[in-house]
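The primary structure of each chain is shown beneath.
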Amino acid sequence: MPVVHMCTIVPISMTVGANRIVPTVAIPYPLGNPNLTPADEKELRRKLVRKGLEALTTEIHGQTVFKD
Amino acid sequence: MRLEVGNIFIKDVQFGKKTEVKSGVLYVNKDELCKVAGEDERVKSVEVFLARPGESVRIIPVKDVVEPRVKVEGPGGILPGFMTGVEQVGSGRTHVLKGAAVVTTGKIVGFQEGIIDMKGTGAEYTPFSRTNNVVVKVEPIDSLKQHEHEVVVRLAGFRAATYLGLAGKEATPDEVKTYETKPLFEQSMKYTHLPKVAYVYMLQTQGLLHNTYYYGVDVKEIVPTFMYPTEAFDGAIASGNCVSACDKNPTYVHQNSPVIEDLYAQHGKTINFLGCIITNENVTLMDKERSSNMTAKLVEFLGADAVIISEEGFGNPDADLVMNCNKIEKKGIRTVLITDEYAGQDGGSQSLADSTPLGDACVTAGNANQVVTLPKMDTVIGYPEVANVIAGGWNGSLQADGSIVTEIQVITGATNELGFHYLTAKTV
């Protein structure tokens, strides 16, 4: 079963052995950003979730970080 | 930069008519201290208690511990950026009420503050069971938000310590220690036969109850910078953090940084101690990358042969520690790391969130997940029920008889990563 690890500190994700890694925003708000307007923040969330789904369905050969 | 630190040994603290030091006893005018600590329109009430070593007293939740110090010669004052201006500190002469401490408490700000027991099992784990504590319990006005609440209590503690420190201004110290670091080129040439060692001083900087300040500046906003080691002794680094209190540095620990003390003790004997680089532990990957890149650059710039790196906290700061280690080692400069461990209550789990084969010299300050039972105390200053919510405790930590079953994570300073504690290990 494929798993995507969405996290801020990618090196930790690498160390613990995650295969599909999607970098996120910050430790206190990985999937949000309080500095944005609510509308922009919602778009940010959608973008990250879309990125997560894309990672989930991408074939990989070893640890992969899905950058922008 | 040369600093004389005059220690005035305090063996007891008592309330008295006048705040003064007489024959090793710190007398505290309670009303005056309450007034000074409460000089902030956001303070609703201040109460002051005394807690001495061996007394059956628990202080909960503890926010900060501050040592009373006073500048008697030279520029600036203690706790620059807060209690005085921002003049350069770390030179001249400073007097210390050694053996006394201000401990701040009051209703909980977040869910992550500490415990100090003056007796029993808990007392063995916190270094502040051995100080004569002036406990300042500060309650803010009702409408205050969390962030302001934290500021109000922190500043009240600083004011209290500054007020008590003044009692040492005219006193004759029982001992005077001298610390000196020359400007870099001069220092480098001084002990050419000895390895040049720098200290990478990592500071917790992740938001509410996780902040640290340098001359009043929030350290999350800085890029890593050089610091003369003696600046720390004058309170240039001040704590605004106590989350998972076992491995956060109260202001007192920065004022007494044992890493700096030990490096000075070897200075000119086995090493040439060049100075400190202070850096942060921020919440985004880009910040962590930038700060570790800059730290490694500054270490190289100093021309160090080796560095000590101390972490503050655990979890994602382990990534900062590992980045600092990797990047400095890859420049051919040896590192020794100081951290603590979260290895689970049975000690069997991975200790750190991140790791590196280059970190082959590492000092541990203990396993914060170790479970202990803190016996009931006759007196509790503060709010015992928060034992059920602060980090390291759980719902049910506070027992019906007043004892607390908890991880040592809740105990202020129990696994202090500057080594300011009493845990030891022996081979059996």
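Caption draft 1: Fine view of the overall build of chain A. The helix and strand inventory of chain A stands at two helices and three strands. Along chain A, helices and strands appear, N-terminal first, in the series β-α-β-α-β. Considering only C-alpha atoms, chain A reaches an extent of 40 × 25 × 20 Å along its principal axes. Counting only contacts in chain A whose residues sit at least 6 apart along the sequence, the fraction spanning at least 24 positions is 43%. For chain A, the exposed area adds up to about 4,400 Å²; of that, 57% sits on carbon and sulfur atoms. Charge separation in chain A, taken as the distance between the mean sites of 8 positive and 6 negative side-chain charges, equals 2 Å.

Caption draft 2: Structural view of unusual backbone geometry. Residues and elements named next belong to chain B. For the bond running from Ile-60 to Pro-61, omega is -10°, close enough to zero to count as cis. If you trace the backbone, Pro-61 turns up in strand E6 (residues 57-62). The backbone phi angle of Leu-209 is positive, close to 65°, even though this residue is not glycine. Structurally, the position occupied by Leu-209 is in the loop between strand E14 (196-204) and strand E15 (210-214). The backbone of Ser-244 shows a phi angle near 50°, a positive value even though the residue is not glycine. Topologically, Ser-244 is positioned in the loop between strand E18 (237-241) and helix H6 (251-255).

Caption draft 3: Summary view of the interface of chain B and chain A. Listed per partner, the contact involves 12 residues of chain B and 11 residues of chain A. Interface of chain B and chain A: buried area, both sides summed, is about 860 Å²; carbon and sulfur atoms make up 73% of it. A per-residue breakdown of the area chain B buries against chain A is headed by Val-283, Leu-285 and Asp-354 of chain B, which together make up 49% of the total. At the boundary of chain B and chain A, one finds zero salt bridges. The interface formed by chain B and chain A contains two residue pairs in polar contact (both at pLDDT 80 or more). Listing elements by their share of the side of chain B that touches chain A, those giving two or more residues are helix H8 (285-302) and helix H9 (317-329) of chain B. Among the residues forming the side of chain B that touches chain A, the class breakdown is five nonpolar, five polar and two charged.

Caption draft 4: Fine view of the state of the cysteines. Residues and elements named next belong to chain B. If you walk through the whole model with that rule in mind, you get zero disulfides over all chains. Not part of a disulfide, Cys-276 finds its nearest cysteine sulfur in Cys-325, a span of 19 Å. For Cys-276, a relative accessible area of 2% translates into the label buried.

Caption draft 5: Examining H8 of chain B more closely. Residues and elements named next belong to chain B. Taking 1.5 Å of rise per residue, 18 residues should cover 26 Å, and H8 covers 26 Å from first to last C-alpha, within 8% of that figure. Three or more residues of H8 are buried, namely Asp-287, Lys-288, Ser-291, Ser-292, Thr-295, Ala-296, Leu-298, Val-299 and Leu-302. For H8, the buried positions fall inside an angular range of 160° around the axis, keeping them on one side. H8 presents Met-286 and Phe-301 as exposed residues on the side facing more than 90 degrees away from its buried surface. Where the residues of H8 are buried, they touch helix H4 (184-190), E14, strand E17 (225-227), strand E19 (272-281), strand E20 (306-310) and H9. The first or second residue beyond H8 is Gly-303, which carries a positive phi of 75°.

Caption draft 6: Spatial organisation of the sheet that holds strand E3 (residues 20-22) of chain B. Residue and element names in this part refer to chain B. Reading across the sheet, the three strands line up as E2-E4-E3 and stay open at both edges, with mixed pairing between neighbours. Whereas interior strands pair on both sides, the edge strands pair on one side only; in this sheet they are strand E2 (12-15) and E3. The mean angle between the axes of side-by-side strands here comes to 25°, regardless of whether they run parallel or antiparallel. In the sheet, E2 pairs with strand E4 (residues 25-28) via four bridges, with the strands oriented parallel. Bridged to Phe-15 within E4 is Val-28.

Caption draft 7: Structural context of the packing of H8 of chain B against H9 of chain B. Residues and elements named next belong to chain B. Interhelical geometry of H8 versus H9 gives an angle of 35° and a closest axis separation of 9 Å. As H8 runs across H9, the sense of the crossing is right-handed. Contact residues: H8 offers Leu-285, Lys-288, Glu-289, Ser-292, Asn-293, Thr-295, Ala-296 and Val-299, while H9 offers Pro-317, Asp-320, Met-323, Asn-324, Lys-327 and Ile-328. A per-class count over the contact of H8 with H9 returns six nonpolar, four polar and four charged.

Caption draft 8: Summary view of the sheet that holds E15 of chain B. Residue and element names in this part refer to chain B. Spatially, three strands are ordered E16-E15-E18 in an open sheet, and the strand pairing comes out antiparallel. At either end of the open sheet lies a strand with only one pairing partner, and these are strand E16 (217-218) and E18. In the packing of helix H3 (residues 146-165) onto the sheet, the strands contacted are E15 and E18, and the crossing angle to E18 comes to about 140°.

Calculation criteria
Residues numbered from 1 in each chain as written. Chains lettered and ligands numbered in written order. Predicted model: local features only at pLDDT ≥ 70, side-chain atom pairs only at ≥ 80, totals over all residues. Heavy atoms only, no water. Helix = DSSP H or I, 4+ residues; strand = E, 2+ residues; numbered from the N terminus. Contact = heavy atoms within 4.5 Å. Areas by Shrake-Rupley, 256 points an atom, 1.4 Å probe, with all protein chains shown as cover. Lys, Arg positive; Asp, Glu negative; His and termini not counted. Charge placed at Lys NZ, Arg CZ, Asp CG, Glu CD. Buried area = accessible area lost by both parts, 1.4 Å probe. Salt bridge = Lys/Arg side-chain N within 4 Å of Asp/Glu carboxyl O. Polar contact = N/O pair within 3.5 Å; in protein donor to acceptor, adjacent residues only side chain to side chain. Nonpolar A, V, L, I, M, F, W, Y, C, P; charged D, E, K, R; others polar. Disulfide = S-S within 2.5 Å. Buried < 20%, exposed > 50% of the residue type's maximum accessible area, 1.4 Å probe, protein only. Expected span 1.5 Å × (residues − 1). Arc of directions from axis to C-beta. Pairing = 2+ DSSP bridges. Axes fitted to C-alpha atoms, helices over the stretch in contact; angles between N-to-C directions. Left-handed = near helix turned anticlockwise from the far one by under 90°.

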